[in-house]
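# Per-entry structural report
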Protein chains: 2
Amino acid sequence: GPAARAWAWLASCVAMFGTKVSGFGKKAWKIGADDPRKAVHGLKVGLALTLVSVFYYTRPLYDGVGGAAMWAIMTVVVIFEYTVGGSVYKGFNRAIATASAGVIALGVNWVASKSGDKLEPVITCGSLFILAAAATFSRFIPTVKARFDYGVTIFILTYSLVAVSGYRVDELAALAQQRLVTIAIGIFICLAVCVLIWPVWAGQELHLLAVRNMEKLADAVEGCVEDYFSDADADAAKRARVSSSKSEGYKCVLNSKASEDSQANLARWEPAHGKFGFRHPYGQYAKLGAAMRHCAYCVETLNSCVGADVQAPEHVKRLLGDVCTRLGVQCGRVLREASSSFAEMTVSRTLDFVVADMNTAVHELQGDLRELPVSLAKESAAGSASLIDAMPLFTVASLLVEISARVETVV
Amino acid sequence: GPAARAWAWLASCVAMFGTKVSGFGKKAWKIGADDPRKAVHGLKVGLALTLVSVFYYTRPLYDGVGGAAMWAIMTVVVIFEYTVGGSVYKGFNRAIATASAGVIALGVNWVASKSGDKLEPVITCGSLFILAAAATFSRFIPTVKARFDYGVTIFILTYSLVAVSGYRVDELAALAQQRLVTIAIGIFICLAVCVLIWPVWAGQELHLLAVRNMEKLADAVEGCVEDYFSDADADAAKRARVSSSKSEGYKCVLNSKASEDSQANLARWEPAHGKFGFRHPYGQYAKLGAAMRHCAYCVETLNSCVGADVQAPEHVKRLLGDVCTRLGVQCGRVLREASSSFAEMTVSRTLDFVVADMNTAVHELQGDLRELPVSLAKESAAGSASLIDAMPLFTVASLLVEISARVETVV
């Protein structure tokens, strides 16, 4: 009957909801298991909030929502970020913006209060309009956007709150002072929890990202060359599997610009920690990243040559196979050497030798290319026809030469 | 004397400060002049803030900073974004998060108040810790991050404020209701100003970005090919100038992923406007962008071939110059045709013909390549030597073929 059908429909709905929730739960669990620091971050925020609440719960100063506790809680919720750099950036911006906006608002209020009842609202609202418009516009300026975006928001917020609320300056001053102290307590608790319990440094993250990207690039160069010159007899399915896991790593390198930029911005705010000094050259990471992407573009094109329909015949490929594979391996070695010396922030002695080896391999390849017609003619009678067949191979070889030149810029 | 020196130092300091300020001012003016909507955005924020202030200034309800006015002002400052989509996203998130967190907090408070004096703070702080940790962790889940990042922050904030402040539930309910109304008024004023006065639609921005990128790509393909086959006699300086302005446009395409993603995210929140329906397929823009970047990687490699040290000799270049230039022009035409039909959201009838023309050019080029040895042999006696010279040319030609294949995926 309809009741049974309705019941079945409801049951299926519940079951579907259940699968969705469990799928979501699994995804969340995987994120936490892959990087436990993310789960710890959640606990840290909970801890900081609880600390602030307890602090204000136990104080006689506490007097309902409108009281000072609110500002401490708000501060913790808003400025606690995943990385130390992010928290310092927001905390610093919040403190400076609140203080400066408060002072300016008090000054304007004082002027307004001296200028008569009629002019007072005009001055208050006019200054609010002008300052808000100017501050909002300033967020479009790139340097302000990168360093003080959050501060500008807080500046507008504080200024409008103080300006609109202001009737008597003497009261306001006390209020402003109390609020500043509360915000300072919030920032202090927040930074203490952030730095003392399993801190996540933006600088370190940036460093690791760069190292990982270099290794991925090395894998990708080697993988592409191997794929290209591997025996066609080998199982195609197996080849596809290997290529997808190894030689596709360059895609991460292509898309890492945004996260690199934001982490370099945050890392600037961090105090010295571990091997990262106070004025660690974070700007260099952006250049390194650009060089690596430059290299990855070329690997991308090489990879598409590997998967192209038109291929050189096997016997032609074999002529250059050895020297090309050697060059690919050398490129990979240079990148790995650079990444390991970069990971430990030491200047590698062997790096120069490895680069020299790579350049030798490049010269060998160029020499072999020059002699290609001769060796082709030896092998077959129809020399020029098979030289045309060798053309795709030449493209691959010259891309490799270009990649090795770009690898040198990375180093 | 030292006084004069101190005076000179001070004067130079003031002068330097003056130049810095004027440089900053010029930069700011240029940003505003390039895109007046940015300046207007600043004025709009000022207007919305002033409206809210006036609204609360004139009402008897107003009672100092702790009062309701604060929440309206805070709402306007925080949710007013450059694009309509951004404002709707933040407004919606704020409203839903405030309401849900308020309801949950009232429920927990009620349970806590029934469970005795000793258990009450434990329940309050415990629930705060658990909810804050869970909510913070949920921000690492990609879908939550993309759609509800701001909402989660507001949820934590509201929950902690209500949970910590709560002594008596009946008072709290009235407070929560008042606050919701205030926030609703703030959101309403903000959205009204944002939509009614010169609105900036994220969907439109995204659309324009895609169209501009296609045109830049077309310019870049044409520019590269022209640069490559232009007479070496032509003034090198002039060539460099032209190439930097025209064929470098692909760099914008390479770096546009982040802004595309964020705008597509915001555009989903926008109501129907102009030619953009309610369920406009914004997901397609991401695919289009990926295809264009795929194309741009190849253009990047081609561009580096143009600037390479090893070049084919002029007389060899001339053999393929015509057909390559034609293919380049055809690629550009396809992209331009696609971009203009895309700009007006119509299906172009001529597009298929243009693509067919491009494919004809590809076949011609491949045919010419196959006959290259013969035509080279005709021209010079040392056939095979100059065939090796032609190798860089072949790389360029095969890159062009690859680019045209990728252009077809863009269309």
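Just so it is clear, the model here is predicted, and its values are computed rather than measured. (Residues numbered from 1 in each chain as written. Chains lettered and ligands numbered in written order. Predicted model: local features only at pLDDT ≥ 70, side-chain atom pairs only at ≥ 80, totals over all residues. Heavy atoms only, no water.)

Scanning all chains against the criterion turns up 13 aromatic pairs over all chains. For the ring pair B:F92 and B:W269, a centre distance of 5.2 Å and an interplane angle of 50° mean the geometry is tilted. Separated by 177 residues along the polypeptide, B:F92 in helix α4 (residues 84–114) and B:W269 in the loop between α11 (257–267) and α12 (282–306) bring together distant segments of the chain. Under the relative-accessibility criterion, B:F92 is labelled partly exposed at 40%. Taking the relative accessible area as the measure of exposure, B:W269 reaches 19% and is therefore buried. When the ring of B:F148 is compared with that of B:W269, the centres are 6.4 Å apart and the planes differ by 85°; the resulting orientation is edge-to-face. One end of the pair, B:F148, is in helix α6 (residues 142–165); the other, B:W269, is in the loop between α11 and α12, and 121 residues separate them in sequence. Taken together through their ring pairs, the aromatic side chains of A:Y89, A:F92, A:F148 and A:W269 make up a single cluster. Positioned above the aromatic ring of A:Y150 is the side chain of A:K90, whose terminal nitrogen or guanidinium carbon lies 4.9 Å from the ring centre. (Phe/Tyr/Trp six-rings, centres within 6.5 Å; stacked < 30°, edge-to-face > 60°. Helix = DSSP H or I, 4+ residues; strand = E, 2+ residues; numbered from the N terminus. Buried < 20%, exposed > 50% of the residue type's maximum accessible area, 1.4 Å probe, protein only. Lys NZ or Arg CZ within 6 Å of the ring centre and 35° of its normal.)

Quick look at the pattern of salt bridges now. All names here are of chain A. Summed over all chains, the structure comprises 20 salt bridges over all chains. One salt bridge connects R293 with E260, and the closest N-O pair in it is separated by 3.5 Å. Of this pair, R293 sits in helix α12 (residues 283–306) while E260 sits in helix α11 (residues 257–267), placing them 33 residues apart in sequence. R293 sits in the buried class, given a relative accessible area of 7%. Ionic contacts of the salt-bridge type, sharing partners, join the residues D35, R37 and E205 into one network. (Salt bridge = Lys/Arg side-chain N within 4 Å of Asp/Glu carboxyl O.)

Counting residues in each nonpolar core, the largest one holds 98 residues, and the members touching the most others are A:L49, A:W71, A:M74, B:L49, B:W71 and B:M74. Those residues in contact with B:M74 that lie beyond four places of it in its chain are A:W71, A:M74, A:L157, A:L161 and B:R94. Counting residues in hydrophobic clusters, the runner-up holds 88 residues, among them A:V253, A:C331, B:A220 and B:L335. (Core = buried A, V, L, I, M, F, W, Y, C linked by side-chain atoms within 4.5 Å. Contact = heavy atoms within 4.5 Å.)

Let's shift gears to unusual backbone geometry. Of note in this structure, A:W198 is not a glycine but carries a positive phi near 45°. Tracing the backbone shows A:W198 in the loop between α7 (169–196) and α8 (202–229).

At a minimum axis separation of 9 Å, α12(A) and α12(B) run at an interaxial angle of 105°. Taken together, the axes of α12(A) and α12(B) are roughly perpendicular relative to one another. Residues A:H294, A:Y297, A:C298, A:E300 and A:T301 of α12(A) lie in contact with α12(B), whose contacting residues are B:H294, B:Y297, B:C298, B:E300 and B:T301. (Axes fitted to C-alpha atoms, helices over the stretch in contact; angles between N-to-C directions. Parallel < 35°, antiparallel > 145°, perpendicular 65-115°, else oblique.)

What follows is about the state of the cysteines. Enumeration over the complete set of coordinates arrives at 0 disulfides over all chains. Looking at B:C194, it has no disulfide partner, and the nearest cysteine sulfur is the one in B:C190, 6.2 Å off. (Disulfide = S-S within 2.5 Å.)

All right, on to the packing of helix α8 (residues 202–229) of chain B against α12(B) then. Residue and element names in this part refer to chain B. Packing of α8 against α12 leaves a shortest axis separation of 10 Å and a crossing angle of 20°. Classified by the interaxial angle, the pair formed by α8 and α12 is roughly parallel. Relative to α12, α8 is oriented so that their crossing is left-handed. Here G203, L206, H207, A210, N213, M214, L217, A220, V221, C224, D227 and Y228 of α8 come into contact with α12, specifically with Y282, Y285, L288, M292, C295, A296, V299, L302, N303, C305 and V306. (Left-handed = near helix turned anticlockwise from the far one by under 90°.)

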